[in-house]
Amino acid sequence: MAERPEDLNLPNAVITRIIKEALPDGVNVSKEARRAISQAASVFVLYATSCANNFALKAKRKTLNAGDVLAAMEEMEFERFLEPLREALEVYKKDQKGKKEVSEQKRKDKEKKNDSENDKSREDEEEEEQRMEEPEEEADEEEVEN
């Protein structure tokens, strides 16, 4: 577990992308500034996680949930981020629900396909059995005639 900010290294590509999206075009950021922003982001993540964990512990849970994070943001006096976070959470939940529904539909379609293939296989087997029995019946009839 990372106990110090320097133990947690966020990917440089992610930090660079966030910085570029936050600044107007044409603004350059030095390596030193990117490193400072990366360290500040690490401190923020550790602090937010620690605060959220406290809420989970108070509720006698080991798993942090979105409510814990939102409560932590409020405790850290980042109230202005609560509404955008709630909106982002709703979008995430809708996306996950959609993915789950698509996955469930694929599973049902696959089961239907397998069932129809199994039914066809059973029909083929039954037809084969009937064909195999027909010569036996004919042979039995010939023996009876003789």
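Up top is the structure these notes are about.
Note that the structure is a prediction, hence the values are computed from the model and not measured.

Section: the overall build of the protein
Here comes step 1: For the protein, the count of helices and strands is 4 helices and 0 strands.
Here comes step 2: Going from N to C terminus, the protein has its helices and strands arranged as α-α-α-α.
Here comes step 3: Relative to its full complement of 146 residues, the protein shows a buried share of 10%.
Here comes step 4: Within the protein, contacts between residues separated by at least 24 positions form 38% of all contacts whose residues are at least 6 apart in sequence.
Here comes step 5: For the protein, the accessible area works out to roughly 12,500 Å², and carbon and sulfur atoms hold 50% of it.

Considerations on the packing of aromatic side chains
Here comes step 1: Across all of its chains, the model carries 2 aromatic pairs by this definition.
Here comes step 2: Taking 5.4 Å as the distance between ring centres and 85 degrees as the angle between the ring planes, the aromatic pair formed by F44 and F78 counts as edge-to-face. Taken as a pair, F44 in helix α2 (residues 31–58) and F78 in the loop between α3 (66–75) and α4 (82–145) lie far apart in primary sequence, 34 residues in all.
Here comes step 3: Overall, F78 belongs to the partly exposed group, its relative accessible area being 29%.
Here comes step 4: Judged by centre distance (5.6 Å) and plane angle (45 degrees), the rings of F78 and F81 are tilted.
Here comes step 5: What makes F81 partly exposed here is its relative accessible area of 33%.
Here comes step 6: Grouped by ring-pair contacts, the aromatic residues F44, F78 and F81 constitute a single cluster.
Here comes step 7: Lying across the ring of F55, K58 places its NZ or CZ 5.2 Å from the centre.

Digging into the pattern of salt bridges
Here comes step 1: Per the counting criterion, the structure on display carries 5 salt bridges.
Here comes step 2: Notably, a salt bridge pairs R86 with E83, separated by 4.0 Å at the nearest N-O pair. Highlighted residues: R86 and E83, both in helix α4, separated by 3 residues, approximately one helical turn.
Here comes step 3: Since its relative accessible area comes to 37%, R86 is described here as partly exposed.

Overview of the side chain of S38
Here comes step 1: Here S38 lies in helix α2.
Here comes step 2: The residues contacting S38, other than those within four sequence positions of it, are L10 and I15.

Focus on the packing of α2 against α3
In a packed pair of helices, the relevant descriptors are the angle between the two axes and the axis-to-axis distance.
Here comes step 1: Closest axis-to-axis distance for the α2/α3 pair is 8 Å, and the angle between their directions is 115 degrees. One finds that α2 runs roughly perpendicular with respect to α3. Relative to α3, the crossing made by α2 is right-handed. Across the interface between the two elements, F44, A48, C51, A52, F55 and A56 from α2 touch D68, V69, A71, A72, M73 and E75 from α3.

Rules and cut-offs
- Numbering of residues starts from 1 in every chain and runs along the sequence as written.
- Local features in this predicted model are restricted to residues of pLDDT 70 or higher, and side-chain atom pairs are both shown and tallied only at a pLDDT of 80 or more, whereas totals for entire chains, interfaces and linings draw on every residue.
- To obtain the side-chain values, all non-hydrogen atoms of the structure were used and water was disregarded.
- The way it works is that DSSP assigns letters per residue, a run of H or I at least four long becomes a helix, a run of E at least two long becomes a strand, and they are numbered from the N terminus.
- Using a 1.4 Å probe on the protein chains alone, a residue whose accessible area is under 20% of its type maximum counts as buried, one over 50% counts as exposed, and one in between counts as partly exposed.
- We call two residues in contact when some of their heavy atoms are within 4.5 Å.
- To measure how exposed things are, a 1.4 Å probe is used in the Shrake-Rupley method; for residues, cover is taken only from the protein chains shown.
- Classification of ring pairs rests on two measures: the distance between centres of Phe, Tyr or Trp rings, Trp counted by its six-membered ring, which must be within 6.5 Å, and the angle between planes, read as stacked under 30 degrees, edge-to-face over 60 and tilted in between.
- We call a charge positioned above a ring when the Lys NZ or Arg CZ atom is no farther than 6 Å from the ring centre and deviates by at most 35 degrees from the ring normal.
- Think of a salt bridge as a Lys or Arg side-chain nitrogen and an Asp or Glu carboxyl oxygen that are within 4 Å of each other.
- Only the stretch in contact is used when fitting a helix axis, every axis being a line fitted to C-alpha atoms; angles between N-to-C directions are given from 0 to 180 degrees.
- Should an angle fall under 35 degrees it is called roughly parallel, over 145 degrees roughly antiparallel, and 65 to 115 degrees roughly perpendicular, with every other angle called oblique.
- Two helices that cross are described as forming a left-handed crossing if the nearer one is turned anticlockwise from the farther one by less than a right angle, and a right-handed crossing if clockwise.

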